[in-house]
Amino acid sequence: MNELSFAVPLWVWAAVTVGIGVMLAVDLIAHRDNHVIGFREAALWSGLWIAIGLGFGLILLAWQGGEASSTYYAGYLIEKALSIDNVFVFALVFSFFAVPDAYQHKVLFWGVLGALAARLVFIFIGAELLQVFFWTAYLFGAFLIWTGWKMAVSKDEEVHPDRNPVVRLVKKLIPTDPKFHGDKFFIRVSGKRVATLLFVVLVAVEATDLIFAVDSVAAVLAITTNTFIVWTANAFAVLGLRSLYFCLAGLLRRFAYLHYGLAVLLAFAGVKLILSETPVGKLPIPLTLGVIVVTITVSIAWSLIATRGEDGDRGETDDGTGTERDDTALGSQPQHPQGRPS
């Protein structure tokens, strides 16, 4: 295990948290009119979020030195790579429920808030378990290896967001109108507060992200148990998830073999975590960074070469934005575009 440790004053935690809140507020204000986000706008926002994430690593370099900075970059890269898999599943959820393009950003915005909260809880629980009970490293490591194997072999498994246990529970507990009502999550019908279909979509996104949160946090904890680095690596990677979705939405078919690379990364993180509690000890951070960069590069290049000449669009649209529309989405059974267990 990487025992990198340094004191983080409370004001630094507060400053980072406030900074993240400010960035979320800026993003919300910039998209308060629910306009359809095009590729150019998404690419600009993605570039901004990536620049901020990479810039934070430079702050760590100046503050705590090269080991802290390289450890952060390793965690940030693996989380950023895994976030691409989130994009595939979000695309499936939006297609399944036929969510209008203009409202997708709002769902993703509130979804990211939930994702950040879930990751913060998992980080502190996971780090504490790894510090107190050494044998949990074997459990987490085995879980990551199993997740990687599952991702590699279950690419074509069908996923039905409407059958998610959390979604079904919400529908039972909260009166739900099976239609969209603009960008509203709740409306009033005959004086009663009723959830809209957009709220059901938000629940599906949040429930799906719980799976992402568990294995992505575990993967970064395999690199270090320093909660500040794990949290910031996760937070800055997740902050750009919305823009990444709109940036890659029309190119998802081109990433045909990316899931193999992500599977390798998860399995590698599992092996690294297990080895940290053996005489072998922790693997060097430069080696970890090298494996992450090479794996991502090879899997993306393999995908793009294998699918060159193919149309990256997701289908016909009724608004010219590249988002597939299916009027029978609620009754369809789309294929899982990635191998993430569900």
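To be clear, the structure that these remarks concern was listed above.
A brief look at the structure comes next. From a predicted model like this one, the values you see are computed outputs, not experimental measurements.

**Quick word on the overall build of the protein**
Then step 1. Scanning the protein for helices and strands turns up 11 helices and two strands.
Then step 2. Seen in sequence order, the protein has helices and strands lined up from the N terminus as α-α-α-α-α-α-β-β-α-α-α-α-α.
Then step 3. The proportion of buried residues among the 342 residues of the protein is 51%.
Then step 4. Here the contacts in the protein between residues at least 6 apart in sequence split such that 81% fall between residues at least 24 apart.
Then step 5. With the model as given, the accessible surface of the protein reaches about 15,100 Å², and the carbon-plus-sulfur share is 67%.

**Some details on the packing of helix α4 (residues 101-132) against helix α8 (residues 227-239)**
Then step 1. Viewed as axis vectors pointing N to C, α4 and α8 meet at an angle of 160°, and their least axial separation amounts to 10 Å. Between α4 and α8, the crossing angle belongs to the class labelled roughly antiparallel. Here α4 and α8 pass one another in a crossing that is right-handed. Residues Val 112, Ala 115, Leu 116, Arg 119, Leu 120, Ile 123, Phe 124 and Ala 127 of α4 pack against Thr 227, Val 230, Trp 231, Asn 234, Ala 235, Val 238 and Leu 239 of α8.
Then step 2. A breakdown of the residues in the contact of α4 with α8 according to their chemical character gives 12 nonpolar, two polar and one charged.

**Comments concerning the packing of aromatic side chains**
Each aromatic ring pair is summarised here by two numbers: the centre-to-centre distance and the angle between the ring planes.
Then step 1. Counted under the stated rule, the structure contains 20 aromatic pairs.
Then step 2. Pairing Phe 96 with Phe 97 gives two aromatic rings, centres 5.2 Å apart and planes at 70°, and the pair type is edge-to-face. For the pair formed by Phe 96 and Phe 97, the shared burial category is buried.
Then step 3. An angle of 70° between the planes, with centres 6.5 Å apart, marks the rings of Phe 185 and Phe 199 as edge-to-face. One end of the pair, Phe 185, is in the loop between α6 (165-173) and β1 (186-189); the other, Phe 199, is in helix α7 (residues 197-221), and 14 residues separate them in sequence.
Then step 4. Over the ring of Phe 185 we find Lys 106, and its NZ or CZ is 4.9 Å from the ring centre.

**Points about the packing of helix α1 (residues 10-30) against α8**
Then step 1. Running from N to C, α1 and α8 point in directions that differ by 5°, and their axes come no closer than 12 Å. Taken together, α1 and α8 sit at an angle that is classed as roughly parallel. Of α8, the residues touching α1 (which contributes Val 12, Trp 13, Val 16, Ile 20, Met 23 and Leu 24) are Thr 227, Phe 228, Trp 231, Thr 232, Ala 235, Phe 236 and Leu 239.
Then step 2. In terms of residue class, the contact of α1 with α8 is built from 11 nonpolar, two polar and no charged.

**Details of the nonpolar core**
Then step 1. Ile 20, Tyr 72, Phe 94, Phe 97, Leu 116 and Phe 228 are the most contacted members of the largest nonpolar core, which has 95 residues in total.
Then step 2. Examining the composition of this core, we find that 17 residues originate from one element, helix α3 (residues 66-96), more than from any other.
Then step 3. Those residues in contact with Phe 94, other than ones at most four positions away along the chain, are Val 99, Gln 104, Val 107, Leu 108, Val 201, Val 205 and Tyr 245.

**Section: the pattern of salt bridges**
Then step 1. By the definition in use, this model includes three salt bridges.
Then step 2. Residue Glu 79 is joined to Arg 119 by a salt bridge in which the shortest nitrogen-to-oxygen separation is 3.5 Å. Taken as a pair, Glu 79 in helix α3 and Arg 119 in helix α4 lie far apart in primary sequence, 40 residues in all.
Then step 3. The buried category is assigned to Arg 119, whose relative accessible area is 1%.
Then step 4. Here Asp 183 makes a salt bridge to Lys 106, at a shortest N to O gap of 3.6 Å. Here the residue Asp 183 occupies a position in the loop between α6 and β1, and Lys 106 occupies one in helix α4, the gap between them amounting to 77 residues.
Then step 5. With relative accessibility at 23%, the residue Asp 183 sits in the partly exposed group.

Rules used in this analysis
Residues numbered from 1 in each chain as written. Predicted model: local features only at pLDDT ≥ 70, side-chain atom pairs only at ≥ 80, totals over all residues. Heavy atoms only, no water. Helix = DSSP H or I, 4+ residues; strand = E, 2+ residues; numbered from the N terminus. Buried < 20%, exposed > 50% of the residue type's maximum accessible area, 1.4 Å probe, protein only. Contact = heavy atoms within 4.5 Å. Areas by Shrake-Rupley, 256 points an atom, 1.4 Å probe, with all protein chains shown as cover. Axes fitted to C-alpha atoms, helices over the stretch in contact; angles between N-to-C directions. Parallel < 35°, antiparallel > 145°, perpendicular 65-115°, else oblique. Left-handed = near helix turned anticlockwise from the far one by under 90°. Nonpolar A, V, L, I, M, F, W, Y, C, P; charged D, E, K, R; others polar. Phe/Tyr/Trp six-rings, centres within 6.5 Å; stacked < 30°, edge-to-face > 60°. Lys NZ or Arg CZ within 6 Å of the ring centre and 35° of its normal. Core = buried A, V, L, I, M, F, W, Y, C linked by side-chain atoms within 4.5 Å. Salt bridge = Lys/Arg side-chain N within 4 Å of Asp/Glu carboxyl O.

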